[in-house]
Amino acid sequence: MTRKPMLGKLVVFGVGLIGGSFALALKAAGEVGEVVGFGRTLGSLNQALQLGILDRAGFNVGQEVSSADLVLIATPVGKTAEILARVVPFLGPQTVVTDAGSTKQDVVAAARAHFGGCLGRFVPGHPIAGAENSGALAARVDLYRRKQVVLTPLAETDAASIARVRDAWERCGARVSEMTAAEHDGVFAAVSHLPHLLSFALVDDLARRENRDLLFAFAASGFRDFTRIAASHPEMWRDICLANRDALIEELDRYRGQLDVLREALVRSDGERLAATFASARTARREWAEKGAGG
């Protein structure tokens, strides 16, 4: 007798790296009966179909959402509110909605604005996994294996809805934790959004200089490691930075303060101060890496 999958039908908005990898992992685990996808272009949907991410491309939101067990919104965060507004009128009695956005307070606000009495069936989420590449071709069946996923349920969110979303991510191989939306945005402003902002800024600064070709010709592994994330999707990171603007500005100001301290040490030829900062940073970095580097 064939075991019944956990999800009869999954609907995915955004069939690229994040949404595509979620679908592939659930398919590989035998935990979804059918995957239907919505995308911005017919080309992206056809590509997802060819790669086996989708079983069908969706064209009628009401028809597909009303019979879905789980809806995943995996688009840039700037599109999340619009999609929430589109799906709410068509939620079936069994439908649970989640998202995969890198910011959460804005998503919670959008859900409160649109979900009304259905708020209990929305579970905000954020998989801590990704790559600088995007699109369906970047999707991987093992993307979430041993990676963290953060859920930020609302006070109104049903326990059964949280359990369904948690179970789905765990079947993808992820480790799931919970925190508030405010805690989430503060943490990720510091450890994710700020590093991306700095990486984009450095590469853009060098690219605008008259001797850019000479600079890039001699850039080696240190530059490559620090700037890898500057190859990330510009639209996605624009939306993330704007959505988490307040927390990101606070972290940027903190970082500017640290840079001022290092600048003053250089002005004063204060090698002791530089060495102390570098040693402290090296110790913290090594301890983090030994604990599994957040993976």
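Residues numbered from 1 in each chain as written. Predicted model: local features only at pLDDT ≥ 70, side-chain atom pairs only at ≥ 80, totals over all residues. Heavy atoms only, no water.

Turning next to the sheet that holds strand S6 (residues 122-123). Overall, parallel pairing links the 6 strands, which are arranged S3-S2-S1-S4-S5-S6 in an open sheet. Since the sheet does not close on itself, it has two edges, and those belong to strand S3 (56-57) and S6, each with one partner. (Pairing = 2+ DSSP bridges. Helix = DSSP H or I, 4+ residues; strand = E, 2+ residues; numbered from the N terminus.)

This part takes up the environment of Gln94. Assignment of secondary structure puts Gln94 in the loop between helix H4 (80-87) and strand S5 (96-99). Put simply, Gln94 and Ser67 are 27 residues apart on the chain and 7.9 Å apart in space, counted from C-alpha to C-alpha. Within the local environment of Gln94, its side chain forms a polar contact with the backbone oxygen of Ser66, the two atoms lying 3.3 Å apart. (Polar contact = N/O pair within 3.5 Å; in protein donor to acceptor, adjacent residues only side chain to side chain.)

Attention now moves to the pairing of strand S2 (residues 32-38). A large share of S2 lies buried, amounting to 5 of its 7 residues. Bridging between strand S1 (residues 7-13) and S2 involves 6 bridges; their strand directions are parallel. Looking across to S2, one finds that Val11 is bridged to Val36. Read as a crossover between parallel neighbours, the route from S1 over helix H1 (residues 17-28) to S2 is right-handed. Note that S2 and S3 share 2 bridges and pair parallel. Bridge assignment links Gly37 to a residue of S3, and that residue is Ala57. A crossover links S2 with its parallel partner S3, the connecting element being helix H2 (residues 42-50), and its sense is right-handed. (Buried < 20%, exposed > 50% of the residue type's maximum accessible area, 1.4 Å probe, protein only. Right-handed = clockwise from strand over helix to strand, strands pointing away.)

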